[in-house]
Amino acid sequence: MLLIHNIRKLYTMRPIGRDPLGCIENAALIVGDDGLILYAGSQSTLPQQKGFSSSIDAKRALVLPGFIDCHTHLVFAGSRADEFAARARGATYQEIMQKGGGIKSTVRATREASVQDLVASTLPRLAQSARLGITTMEIKTGYGLALEHELKMLDAMKTLRVRQQIELEATFLGAHTIPKEWEGRSDEYVDLIVTEMLPAVSAQGVATACDVFVERGAFNVAQAREIYAKAKSLGLKCHVHAEQLSHFGGAALAAEIGALSASHLEYATDDDIERLARANVVAAILPVAQEYLNLKPVHARRFIDKGLDVAVATDFNPGSAMCNDLHLAARLAITRGGLTCEEAALSITANAAKALGRHDIGALATGLQGDLCLLECASLEDFFYDWTHNPVVTAIKKGKMVVC
Ligand code: NIG
Ligand code: FE
């Protein structure tokens, strides 16, 4: 059993009265040996319990739920620094993609990599995220685009699950782009995804969700609908890459199929937002990718005003967001997207958990998983205000200190 005491402010992320973050001052928290929270509340009403195997003096730190990066493409091989430099000279992401670069370039490198190569290159990225207090991360495939290589990426994630402490949610993104060998035959590639890839991915048992890049030059709505129907029949959860580079129908589809999340949404219309809100789909905003590609930032405030839950993620990937900094993503969601500090805090905790269909993380209450982080700063506002240093001093996963 783990006791954490002397907490300046415990942000439970469960509303208390008019406080949406349910902040408790002078608090303590107990995590049981099963990794679940036994107590999260005021230190003055701490149950008199003995037999703690460890105890942490928070020294007046803030405690938040462990951060959740709910949209990443963290496993890949190779580098696309050349594309970054080309964009700096005026090329666009789409032009690079049309010339055979972009996602296809990472696919070439990833196909050449072994499981061990992918594990070795991903481990340091995960260690960096752990230092930022991230205790759960979603990672998509999508750089294999052939069954063997998609399974290989998932195998790497399976190994990564036991080699480090961040909990990994694996998503199959076989419909990321049309691979070279299927160019001009996208319907046939979709058939392959539906009849061969999805059943094999489901049988392998690593991925728990499916995603499709719904975009001009990638997959259209009808193709995506077919893929999601199969994915759902296999019990996979659904996420959608929607309206990133043009308005193409991904958001309406996400609402139609009851996806957990729709990501990007740069080109989402008011009608899209209303549909997503009615269907209770979480809008996952990716402000780092917007900056990285110099796209118009999404005014996420508009989504919240229409009743959508907004999550923020890094979208870490070698092309449009070579950056793992979830703190930065949340801060940009404030400055560029119009979120309040409270909304930004929810976007990387409770709302990110909801985007992953997880009810046991993203908040701190009895019975939930003991995932949390200690921040050495005076207040939540300070955390978002000070962009110069990382205040996370300790991260805890299921009641165990994260070593990184
Ligand atoms: O979310 N939009 C599609 N996929 C990624 C980019 C992947 C890449 O460029 O390698 C994204 O931005
Ligand atoms: Fe993405």
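Just so it is clear, the model here is predicted, and its values are computed rather than measured. Counting restarts for each chain, with residues numbered from 1 along the sequence as it is written. A letter from A marks each chain and a number from 1 marks each ligand, given out in the order of writing. Local features are withheld for residues below a pLDDT of 70 in this predicted model, meaning they are given only at 70 or higher, and side-chain atom pairs are given and counted only at 80 or more; totals for whole chains, interfaces and linings count all residues. To obtain the side-chain values, all non-hydrogen atoms of the structure were used and water was disregarded.

Draft legend 1. Inspection of the overall build of the protein chain at higher detail. A run of DSSP states H or I qualifies as a helix once it reaches four residues; a run of E qualifies as a strand once it reaches two. Both are numbered from the N-terminal end. Across its full length, the protein chain holds 15 helices and 16 strands. For the protein chain, the C-alpha radius of gyration of 21 Å lies close to 22 Å, the compact-globule estimate for 404 residues. Oriented by its inertia axes, the alpha-carbon framework of the protein chain measures out at about 70 × 45 × 40 Å. Burial statistics for the protein chain: of 404 residues in total, 60% are counted as buried. Radius of gyration here is computed from C-alpha atoms only, and the compact-globule reference equals 2.2 Å multiplied by the residue count raised to the power 0.38. Throughout this description, buried means an accessible area under 20% of the type-specific maximum (1.4 Å probe, protein chains only), exposed means over 50%, and partly exposed covers the range between.

Draft legend 2. Local environment of empty space enclosed by the protein. Points on a 1 Å grid over protein atoms alone make up a cavity when a 1.4 Å probe fits among them but cannot get out, and a pocket when they form an open set with protein on both sides within 12 Å along at least five of seven lines; lining residues each have an atom within 4 Å of a point. Grid points are joined across faces, edges and corners, and a volume is the space filled by probe spheres set on the points. Evaluation of the coordinates by the stated rule reveals two cavities of 30 Å³ or more. The calculated volume of the largest cavity comes to roughly 100 Å³. Lining the largest cavity are 14 residues, with His73, Tyr93, His176, Asn317 and Ser320 positioned closest to its centre. Here the residues of the lining of the largest cavity are counted per class, giving four nonpolar, eight polar and two charged. In terms of lining, the second largest cavity is formed by Ile285, Pro287, Gln290, Pro297, Val298, Ala300, Leu332, Ala333, Arg336 and Gly337. Taken together, the elements giving at least two residues each to the lining of the second largest cavity come down to helix 10 (287-292) and helix 12 (326-335). Charged means Asp, Glu, Lys or Arg here, nonpolar means Ala, Val, Leu, Ile, Met, Phe, Trp, Tyr, Cys or Pro, and polar covers whatever is left, Gly included. A class-by-class count of the residues in the lining of the second largest cavity yields seven nonpolar, two polar and one charged.

Draft legend 3. Representation of unusual backbone geometry within the structure. Its identity is not glycine, yet Asn6 carries a phi of approximately 60°, on the positive side. In this structure, Asn6 sits in strand 1 (residues 2-11). Even without being glycine, Arg60 reaches a positive phi, approximately 70°. Turning to its location among the elements, Arg60 is positioned in the loop between strand 4 (54-57) and strand 5 (62-65). Overall, the relative accessible area of 33% leaves Arg60 in the partly exposed class.

Draft legend 4. Structural view of helix 12. Counting buried positions along helix 12 yields eight of 10 residues, so the element is predominantly enclosed. Looking only at helix 12, the buried set comprises Leu326, His327, Ala329, Ala330, Arg331, Leu332, Ala333 and Ile334. Under the rule applied, a polar contact is a pair of N or O atoms within 3.5 Å (in protein, one hydrogen donor and one hydrogen acceptor; residues adjacent in sequence only if both atoms are side-chain atoms). A side-chain oxygen of the first residue of helix 12 lies 3.0 Å from the backbone nitrogen of His327; this N-cap is Asp325.

Draft legend 5. Region of the structure containing the site of ligand 1. Any residue with a heavy atom positioned within 4 Å of a molecule or strand is treated as near that molecule or strand. Surrounding ligand 1, one finds 15 residues, the nearest of these being Arg80, Tyr93, Tyr143, Gln244 and Ser320. Here His73 contributes a side-chain N or O atom positioned 3.3 Å from an oxygen atom of ligand 1. A distance of 2.8 Å separates an oxygen atom of ligand 1 from a polar atom in the side chain of Arg80. Coverage of ligand 1 by the protein amounts to 100% of the 330 Å² it exposes when considered alone. The way we define it, a molecule is inside a pocket or cavity when more than half of its atoms are within 2 Å of that pocket's grid points. With respect to the pocket detection grid, ligand 1 is positioned in the largest cavity. By residue class, the composition of the shell around ligand 1 is four nonpolar, nine polar and two charged. Using a 1.4 Å probe, the Shrake-Rupley method yields the accessible areas, and only the shown protein chains count as cover for residues.

Draft legend 6. Inspection of the coordination of the iron ion (ligand 2) at higher detail. For the iron ion (ligand 2), the full set of protein donor atoms is His71 (NE2), His73 (NE2), His241 (NE2) and Asp315 (OD), and the range of their distances to it is 2.1 to 2.3 Å. Mapping the donors of the iron ion (ligand 2) onto the primary sequence gives the spacing H-x1-H-x167-H-x73-D. Highlighted residues: His71 in the loop between strand 6 (67-69) and helix 1 (81-88) and His241 in strand 10 (residues 237-242), separated in sequence by 170 residues. In this listing, donors mean N, O and S atoms no farther than 2.8 Å from the metal, or 3.2 Å for Na, K and Ca; water is missing from the atoms, so a site can look incomplete.

Draft legend 7. Summary view of the sheet that holds strand 13 (residues 310-312). Two strands qualify as a pair provided DSSP detects at least 2 bridges between them. The sheet built from eight strands is open, its strands ordered 6-7-8-9-10-11-12-13 with parallel pairing. Lying at the two open borders of the sheet, with one neighbouring strand each, are strand 6 and strand 13. The mean angle between the axes of side-by-side strands here comes to 25°, regardless of whether they run parallel or antiparallel. Here strand 9 (residues 209-214) pairs with strand 10 via six bridges, running parallel. Note on definitions: angles span 0 to 180 degrees between N-to-C directions of axes, and those axes are lines fitted to C-alpha atoms, for helices only across the stretch in contact.

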